[in-house]
Amino acid sequence: MDSLQAQPTARKITAISWLPPAAGTSYSDATPRFIAGTSGKTKELVLWTTHNPDFPSPSTENSTDLAHFVSKTPHTHSVQAIAAVSAELLLTGSSTGVLATYKIIGDAVERGAEVQVHGERGAEAVCTGVAVQSDGTQVASCGEDGRLVFATVDRLDALQIISADSGSLTSLCWLTPTQVAVATRNGQAKLFDTRESQPSAVFYNPSSCASLESIAAHPSQPFLLATGSDDGAVVLWDVRNPRAPKNELFGVHRANVWQVMFDPADARSIVSCSEDASVAVTRWDEMGVHRTKRMDSRLNVLSVNCFDICPYTRDHMLVAGSDSGNLLVAKTGVQW
């Protein structure tokens, strides 16, 4: 039996994000919403809704769809990253290095401000990551031009630009309100303070020459980081001593790990997705023992590019997008 449920969409999905609830910390209605960004021939943002598992299934519900289409809007170029600021506002990063805001008004998605943040002198560079500070006021982006860019959400053209690496930056995350971690294609992770132009720490795994494709911070212990690399490994880092951080390497996937995230439902689990068409949950304990459960679908044979976990419901749901044009759905709670 497939451990990931699949719903065809006829779109290559390259970025996905749950939208926060309109009020409070949990959904007060039965239909949480998420947004998916697409690439290839069809470049757009698509708004979806799905059933909240905390509520009984409607007795009148006859559809077998995992998610229900709400609306869509064109996106100028391929969507590479999405970051939700609130239930009514999100940010996107594009394949041409443009950072843009989109407003959600009712069921409609409308484009707002946009600014070119990556690339220069007429040369475009892919925006590979977008992350919003916890208070929703500041945004950071990274790109294949090696730049780390900061701006305020309400003033995207007021840019603070840091030349973070001579090669490509592939992913980023906020650790604290003033500290960001970035992953690089040369295998290094770097920590930056928003008030400084030089990294406060640089570290890598000396036993591996793999490129880092993704990075994520623990939601309550920001000294813990997870990275995913192009050799299929997921690495857990403890950076309390940034000059000599501890790390544990888990051989999880058979190809590039495009995204990693600490499971909000389980502080000792890392969720990852990969070019090997799978999603995996890796759990470790105090003794250093780890176990991994892989999830896949017979209907999905191409790369799983992105996922997000909904932290606003008791039964945390994962939605993912793939090169096969599928929406993939699962619950992250694993029975070991």
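This is a predicted model, so every value here is computed, not measured.

**Student:** Where do I start with the overall build of the protein chain in this structure?
**Tutor:** A tally of regular secondary structure across the protein chain gives zero helices and 30 strands. In terms of overall dimensions, the protein chain is globule-like: its C-alpha atoms have a radius of gyration of 19 Å, near the 20 Å expected for 336 residues. Dimensions of the protein chain, computed from C-alpha atoms along their principal axes, come out at roughly 60 × 50 × 35 Å. Taking all 336 residues of the protein chain together, the buried fraction comes to 55%. A sequence separation of at least 24 residues applies to 48% of the contacts in the protein chain between residues at least 6 apart. Carbon and sulfur atoms provide 48% of the accessible area of the protein chain, an area that totals close to 14,900 Å². Taken as two groups, the 26 positive and 35 negative side-chain charges of the protein chain have centres that lie 2 Å from each other.

**Student:** Even after reading the chapter, I still don't get the sheet that holds strand 21 (residues 224-229), so can you show me in this structure?
**Tutor:** Backbone-to-backbone hydrogen bonds join strands into a sheet, with any given pair of strands oriented parallel or antiparallel. Pairing is antiparallel in the open sheet, where four strands are placed in the order 20-21-22-23. At either end of the open sheet lies a strand with only one pairing partner, and these are strand 20 (212-217) and strand 23 (246-251). Mean inter-strand twist for the sheet, computed between neighbouring axes without regard to direction, equals 20 degrees. Judged from the five bridges that link them, strand 21 and strand 22 (residues 233-238) form a sheet pairing that is antiparallel. Opposite Thr 227, over in strand 22, you have Val 235 as the bridge partner.

**Student:** Just to check I follow, could you spell out the sheet that holds strand 18 (residues 188-193) for this structure?
**Tutor:** The four strands lie next to each other as 16-17-18-19, forming an open sheet whose pairing is antiparallel. Of all the strands in the sheet, the pair left with one neighbour each is strand 16 (169-176) and strand 19 (201-204). On average, each strand axis in the sheet is tilted by 20 degrees relative to the strand beside it, whichever way the strands run. The sheet contact formed by strand 18 and strand 19 spans four bridges and is antiparallel. Bridge pairing in strand 19 links Leu 191 to Ala 201.

How each quantity is defined
Residues numbered from 1 in each chain as written. Predicted model: local features only at pLDDT ≥ 70, side-chain atom pairs only at ≥ 80, totals over all residues. Heavy atoms only, no water. Helix = DSSP H or I, 4+ residues; strand = E, 2+ residues; numbered from the N terminus. Rg over C-alpha atoms; globule rule 2.2 N^0.38 Å. Buried < 20%, exposed > 50% of the residue type's maximum accessible area, 1.4 Å probe, protein only. Contact = heavy atoms within 4.5 Å. Areas by Shrake-Rupley, 256 points an atom, 1.4 Å probe, with all protein chains shown as cover. Lys, Arg positive; Asp, Glu negative; His and termini not counted. Charge placed at Lys NZ, Arg CZ, Asp CG, Glu CD. Pairing = 2+ DSSP bridges. Axes fitted to C-alpha atoms, helices over the stretch in contact; angles between N-to-C directions.

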